[in-house]
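What follows is the residue order along each chain.
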Amino acid sequence: IIGDGFRDEFAFKLDDSILRGTGAGQPKGILNSNALVTVAKESGPQTATTIVLNNIVKMRSRLWSRSRGNSVWFINQDCEPQLNILSLTVGNNSYPVLMPASGVAGAPYDTIFGRPVIPIEQAATLGTVGDIMLLDLSQYLLCDKGSIQAAQSVHVRFLYDEMAFKFTYRVDGQPVWDLPLTPAQ
């Protein structure tokens, strides 16, 4: 039970450091990268903590074209209510932006522009940087030195009839890009 709990927590912390890591004693996070591209809220019509179609369209338009096939939308689940009612209106017709999983899209995940939408705990709350992210994680370098190492000892706290556990995982990572891509044309 202890081993499973630590592995789950290590996985959570690793995912969190891939997004938010400082690079000092942990991986350099995507949200702390000099290559981070953010999409500001629309001036005027968009109020705080809301999502409008232009936000999504602008995010997709800034994604490197070669990354479109590998990209995934990561969101905080408090974004879902607004994404579920977001639509594109063309003439008299309205089309949903978020296609439901195994429904109209026929996919295991909800999709936006054909790419999976995955709610994660590490995503920031709605209205803050990192609430909705369109990422190609093949553009993130991650290196580890083996798997999680576990050790236990009854000697450390012998006088108190306690056992000590130690878990070690050596890992580092950083985004491939140093700066945002400047399109050729």
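Parameters at a glance
- Residues numbered from 1 in each chain as written.
- Predicted model: local features only at pLDDT ≥ 70, side-chain atom pairs only at ≥ 80, totals over all residues.
- Heavy atoms only, no water.
- Helix = DSSP H or I, 4+ residues; strand = E, 2+ residues; numbered from the N terminus.
- Buried < 20%, exposed > 50% of the residue type's maximum accessible area, 1.4 Å probe, protein only.
- Phe/Tyr/Trp six-rings, centres within 6.5 Å; stacked < 30°, edge-to-face > 60°.
- Lys NZ or Arg CZ within 6 Å of the ring centre and 35° of its normal.

Caption draft 1: Just unusual backbone geometry, in detail. Of note, Thr49 is a non-glycine position whose phi angle comes to about 55°, a positive value. By secondary structure assignment, the location of Thr49 is in the loop between helix 1 (2-20) and helix 2 (53-62). Residue Thr49 is classed as partly exposed on the basis of its relative accessible area, which comes to 46%. For Phe113, which is not glycine, the phi dihedral falls at a positive 50°. Within the fold, Phe113 resides in the loop between strand 5 (110-112) and strand 6 (115-119). The exposure class assigned to Phe113 is partly exposed, which follows from its relative accessible area of 38%.

Caption draft 2: Summary view of the packing of aromatic side chains. Here the structure, examined in full by the defined rule, presents 2 aromatic pairs. Ring geometry for Phe6 against Phe167: centres 4.1 Å apart, planes inclined by 15°, an arrangement best described as stacked. One end of the pair, Phe6, is in helix 1; the other, Phe167, is in strand 10 (residues 162-168), with 161 residues separating them in the sequence. Since its relative accessible area comes to 36%, Phe6 is described here as partly exposed. Classification of Phe167 by relative accessible area gives buried; the value is 16%. On the basis of an interplanar angle of 75° and a centroid distance of 5.1 Å, the ring pair of Trp64 and Trp177 is categorised as edge-to-face. Placement of the pair is Trp64 in the loop between helix 2 and strand 1 (72-75) and Trp177 in the segment after strand 11 (171-175), with a sequence separation of 113 residues. Exposure remark for Trp64: the relative accessible area of 23% places this residue in the partly exposed category. The side chain of Arg157 reaches across the aromatic face of Tyr160, ending 4.3 Å from its centre.

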